[in-house]
Amino acid sequence: MAPGMEIQKHIALKPFNTFGIEAEAAYMAEICTLQEAVNVITDKRYRGLPLLVLGGGSNILFTKDFDGLIIRNSLRGIETLRTEGDKIFVKAAAGETWNDLVDYCVARNYGGVENLSLIPGSVGAAPIQNIGAYGAELKDVFYSLEALETATGRVRTFYHGDCRFGYRESVFKHEAKGRYVILEVTLCLDINPVLKTGYGAIESELNRMQVEPSVQSISRAVCNIRRSKLPDPALLGNAGSFFKNPSVSKEIFHSLKAEYPGIVAYQNSDGSIKLAAGWLIEQCGWKGKVAGRVGVHKDQALVIVNFGGGTGKEIYALSEEILHSVKEKFGIDLEREVNVI
Ligand code: FAD
Ligand code: EPU
């Protein structure tokens, strides 16, 4: 082990997950350099133990103690690499806060991440589920990432095609799951920004703010909308949307629409239809439901909350009940977005 690098034992995880769940990790190491990451994963004492990389803990649910090694990613640094025509490349270390990277780009008028303002968590976690919001996704600006393969200690570059991005999906949730520590991410941004104001309430918020669309004003508008819609984990434990919005075929959508004319849906580019899971859950009567110390948010049925002292098992059990009732009423299988441990 590198001198100065400390592996802690029996760590309370409550400060490290936005649900505020009490759980314990057997071991935890904080990595600040690539060498520290290599040292940790090649240390014989921890070989064979389950490994979990933790960023901001804003998309994770601990349902039990973690009997392995947690790597806390504290790799830092953001830099502009180069320009190519009207593109500009920015590299950020995985331990940077995602929104600090957004602020860095917005301040320099680099276009492409303004709609992704204020998404909690780290840069390194952003590719895992291809974060998305307000008409944009990470994949629209992603160029490459560097990742440490835990089995070999080698660093590998993943380009766009290697990551197999989809809606809240990537290779890192499938074949590559748990096999890599993402170290840094490079984005390819627009020097002449192409503004996206068409999604949701962006336009009306810009009007309310009485400003013209720009990278900066869109970022502020998205922040305002998000603050008004989503609970702040510092005040109320949550991990954002608990489930993904499910997609169905046109045929299934039409038969649902005939029975439920108010159903909220969006057209996907492949012709299938994405349904608003929040609407489905609300129709099943869950919005604002309290189940002891946990519950469903009063304004956003897609968000499960911990009122304080709730356990991961209680949240998971509530999510099971929600899944079953949506299946029973609409015949639709919801899929969890949150990573369950
Ligand atoms: P963590 O929760 O720490 O980890 C998530 C997963 O990524 C885990 O499986 C972990 O092992 C893995 N991981 C993390 N870092 C690394 C790494 N360096 N290398 C390898 N694996 C790693 N998401 C959206 O897409 N859009 C939204 O609009 C959105 N809004 C949210 C709003 C709120 C209030 C909250 C609480 C969450 C929201 N989320 C949203 C979910 C969350 O912000 C994202 O999933 C974010 O990318 C998680 O980052 P994190 O660092 O907290 O990841
Ligand atoms: N709706 C209801 N009842 C509810 C909640 C929503 O009827 O309780 C309906 C409303 O008609 C609303 C529609 O669902 O207009 C969509 O709701 P919202 O705009 O809040 O978006 P969402 O589909 O619930 C998705 C993402 C969010 C992202 C926002 C904005 C998923 C799973 N969630 O939420 O991402 O910030 O759009 O783009 O795709 C996250 O992934 O954690 C997350 C917060």
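Please read all numbers here as calculations on a predicted model, not as lab measurements.

Caption draft 1: Region of the structure containing the overall build of the chain. Within the chain, the regular secondary structure consists of eight helices and 20 strands. Radius of gyration (C-alpha) of the chain: 21 Å, near the 20 Å computed for a compact globule of 341 residues. Based on the C-alpha atoms only, the size of the chain along its principal axes is roughly 65 × 50 × 35 Å. Within the chain, the fraction of its 341 residues that count as buried is 52%. Sequence separation of at least 24 residues holds for 59% of the intrachain contacts in the chain that already meet a minimum separation of 6. Charged side chains in the chain number 38 positive and 40 negative. The centres of these two groups are separated by 2 Å.

Caption draft 2: Up close: the sheet that holds strand E12 (residues 180-190). The strand order E6-E7-E12-E10-E11 describes an open sheet built from five strands, whose pairing is antiparallel. The sheet terminates laterally at strand E6 (78-84) and strand E11 (155-159), the two strands that pair on one side only. When the angles between neighbouring strand axes are averaged without regard to direction, this sheet yields 20°. The pairing of strand E7 (residues 87-93) with E12 spans seven bridges and is classified as antiparallel. If you follow Phe89 over to E12, its bridge partner there is Cys188. Relative to the sheet, helix H1 (residues 34-42) contacts strand E10 (142-149), E11 and E12, its axis offset from that of E10 by approximately 45°. Those strands touched by helix H2 (residues 98-107) are E6, E7 and E12, and its axis lies near 45° from that of E6.

Caption draft 3: The arrangement of the pairing of E10 in detail. Counting buried residues in E10 gives six out of eight residues, a clear majority hidden from the surface. Relative to E12, E10 is paired through seven bridges, and the arrangement is antiparallel. Note that in E12 the partner of Ala147 across the bridge is Ile182. With five bridges connecting them, E10 and E11 associate as antiparallel partners.

Caption draft 4: A look at the pairing of E7. Of all the seven residues making up E7, five are buried; the element is thus mostly covered by neighbouring parts of the structure. Where E6 folds back onto E7 in an antiparallel hairpin, the turn is made up of two residues, including Gly85, whose phi is positive at roughly 60°.

Caption draft 5: Geometry of the site of ligand 2. Taken together, 23 residues are adjacent to ligand 2, and Tyr167, Glu282, Gln300, Ala301 and Glu337 come closest. A distance of 3.5 Å is found between a nitrogen atom of ligand 2 and a backbone nitrogen or oxygen belonging to Gly278. For ligand 2, the accessible surface in isolation is 830 Å², of which the surrounding protein chains cover 82%. Counting only elements with at least two residues in the shell around ligand 2, the list comes to helix H5 (215-229), strand E13 (237-241) and helix H7 (277-283). With three residues, H7 is the single largest residue contributor to the shell around ligand 2. Class assignment for the residues of the shell around ligand 2 results in eleven nonpolar, five polar and seven charged.

Caption draft 6: Spotlight on the sheet that holds strand E17 (residues 290-291). Taken in spatial order, the four strands make up an open sheet running E13-E19-E18-E17, and their pairing is antiparallel. The open sheet has two free edges, formed respectively by E13 and E17, since each of these has just one partner strand. As paired elements, E17 and strand E18 (residues 294-296) share two bridges and run antiparallel to each other. Within the sheet, the bridge partner assigned to Ala291 lies in E18 and is Val294. Relative to the sheet, helix H8 (residues 312-330) contacts E17, E18 and strand E19 (303-306), its axis offset from that of E18 by approximately 30°.

Rules used in this analysis
- Residues numbered from 1 in each chain as written.
- Chains lettered and ligands numbered in written order.
- Predicted model: local features only at pLDDT ≥ 70, side-chain atom pairs only at ≥ 80, totals over all residues.
- Heavy atoms only, no water.
- Helix = DSSP H or I, 4+ residues; strand = E, 2+ residues; numbered from the N terminus.
- Rg over C-alpha atoms; globule rule 2.2 N^0.38 Å.
- Buried < 20%, exposed > 50% of the residue type's maximum accessible area, 1.4 Å probe, protein only.
- Contact = heavy atoms within 4.5 Å.
- Lys, Arg positive; Asp, Glu negative; His and termini not counted.
- Charge placed at Lys NZ, Arg CZ, Asp CG, Glu CD.
- Pairing = 2+ DSSP bridges.
- Axes fitted to C-alpha atoms, helices over the stretch in contact; angles between N-to-C directions.
- Near = heavy atom within 4 Å.
- Polar contact = N/O pair within 3.5 Å; in protein donor to acceptor, adjacent residues only side chain to side chain.
- Areas by Shrake-Rupley, 256 points an atom, 1.4 Å probe, with all protein chains shown as cover.
- Nonpolar A, V, L, I, M, F, W, Y, C, P; charged D, E, K, R; others polar.

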